[in-house]
Amino acid sequence: MPQFKRFVAYLYYYENDTKEYLAGFARVEMRGGICRLEIHLKGTEYAGQEGKVSLFIRREGKILAFPVGNMRLMSQSSDYSGRISDGELGDETCHIQDVCGILIQPADGNFYGSQWDNGEIHKEEIEMQAAEEPSLQTEEVPMHRIFPEQMSMEKEIQERSTQEKGTGEKEASIWEHWENLKQKMTLLHPFEGENITCVHMELQDLRELPQKYWCLGNNSFLLHGFFNYRYLFFGEQVTPEGRELFLAVPGVYQKPEKVMAAIFGFPQFRTEKPCRQLEGTFGYWYRRMDG
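The rules behind the values
Residues numbered from 1 in each chain as written. Predicted model: local features only at pLDDT ≥ 70, side-chain atom pairs only at ≥ 80, totals over all residues. Heavy atoms only, no water. Phe/Tyr/Trp six-rings, centres within 6.5 Å; stacked < 30°, edge-to-face > 60°. Lys NZ or Arg CZ within 6 Å of the ring centre and 35° of its normal. Helix = DSSP H or I, 4+ residues; strand = E, 2+ residues; numbered from the N terminus. Polar contact = N/O pair within 3.5 Å; in protein donor to acceptor, adjacent residues only side chain to side chain. Contact = heavy atoms within 4.5 Å. Buried < 20%, exposed > 50% of the residue type's maximum accessible area, 1.4 Å probe, protein only. Pairing = 2+ DSSP bridges. Salt bridge = Lys/Arg side-chain N within 4 Å of Asp/Glu carboxyl O.

Right, let's get into the packing of aromatic side chains. With the rule as written, the count across this model stands at 20 aromatic pairs. Members of the aromatic cluster, joined through ring pairs, are F191, Y229, Y231, F233, F282 and Y284. The side chain of K19 reaches across the aromatic face of Y12, ending 4.4 Å from its centre.

Structure representation (C-alpha cells):
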C-alpha cells in the first residue's frame, strides 16, 4: 500500500550558509508516488525576482536537488504550488518517499530551505540535478484554486466596491457586523472561565465583516489553519477593561508556529481550558479586530 504523508515544514532563510530566520512554511503531501506542495513565504528582500524551487534527497553525503518550478518572490507574501511524481525525480533509484527537504534559490547564491529528516542543509553539499523535459508536472496555482471560496469572495469585493462608489454609502462598523452575525449564527462559548462569545466561520464568511478585512482571505497563516480544521472563530471578549472583538485560527502551540503566527498577524494564543503547559497544546491563534 503506498505511503501517505501530510505535514507542515518550516522554511528558513540561509545567508552565507548560515540559518538566519524563519521565513515561511510549506504544506507537503505525499501519496501514491506523487508529492504535492504549497509554499508560503512572508516578505522577502528579493521582491520581483524568481527563486528556483527544488525537492531534495540525500545520497552519500550529498544533497541532490531536483527542480520542480520557479516561484515569483514578492515583498509582502509569496505563494507557490506544484507537484512531481515518481519517474520524474532523477533515475529509477530515486523515489518520492526519499524526498526529505525543499530549497528555494534566488540568483545570489543564498537560499530558503527546509528539511524533515535529521540532517542539516549546507550549500557545499547541494548538487543541482538536470531539470526534466516539459513532461515534468509542475504548476503555479492561484490560492482560489486551493480554496474555491476565494474566487467568489474576490468577485464580490469588486461588485461591492463598484456599488459603494456609486451610492456613496458608508459601510457599517465592525460592531454592527458583529450584532448582525449574532442574530443569524449560533452563539458559542468555547473558552472556559472567560466571558467570550463566538461564532463558527468558514472562509467565505469573512465577507460578513467590513470590506477592509476581506484581505484576510489571502492570509497564508489563516489559510493554513483553515485547511487543517475547516473553521475559524470570530467573537467578542468582555473584560473589566471593556469589550473587544477578535478573529481566531485553530492550531497547536509550538515555538516555530508562534513565530509564524506573529509574522502573519495572529500574535496571541488561547486555549479552551486553563493550561499550564502550552507546548503541543491545541488552541487558537488570534488577533484583535479594531472598530
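Right, let's get into the side chain of S114. Among the secondary structure elements, S114 is positioned in strand β8 (residues 111-115). At 2.8 Å, the side chain of S114 and the backbone oxygen of Y10 are in polar contact. Other than its neighbours up to four places away in sequence, S114 contacts A9, Y10, L11, F56, C100, G101, I102 and I121.

Below, the discussion takes up the pairing of strand β7 (residues 101-105). The buried fraction of β7 amounts to five of the five residues, a majority that puts the element mostly inside the structure. Residues G101, L103 and Q105 of β7 are buried on one face, and the alternating residues I102 and I104, pointing to the opposite face, are buried as well. Inspection of the sheet shows strand β4 (residues 50-59) paired to β7 by five bridges, in the antiparallel sense. Within the sheet, the bridge partner assigned to S54 lies in β7 and is L103. Looking at chain direction, β7 and β8 are connected through four bridges and run antiparallel. Across the sheet, the residue bridging to G101 is Q115, located in β8. In textbook terms, the turn of a hairpin is the stretch between consecutive antiparallel strands, and for β7 and β8 this stretch comprises five residues, one of which, G109, has a positive phi near 95°.

Let us now look at the pattern of salt bridges. When the charged atoms of two side chains lie near each other, side chains of opposite charge can form a pair. The full count for this structure, using the stated rule, is eleven salt bridges. We note a salt bridge from E194 to R270, for which the minimum N-O separation is 3.7 Å. Remark: R270 occurs in strand β13 (residues 268-270) and E194 occurs in the loop between α3 (174-184) and β10 (196-201); sequence separation between them is 76 residues. As a salt-bridge pair, E244 and R288 come within 2.7 Å of each other at their nearest N and O atoms. One end of the pair, E244, is in strand β12 (residues 242-252); the other, R288, is in strand β14 (residues 282-289), and 44 residues separate them in sequence. Residue classification places R288 among the partly exposed residues on the basis of a relative accessible area of 44%. Bridged by salt links that share partners, the residues R6, E29, R31 and R36 form one connected network.

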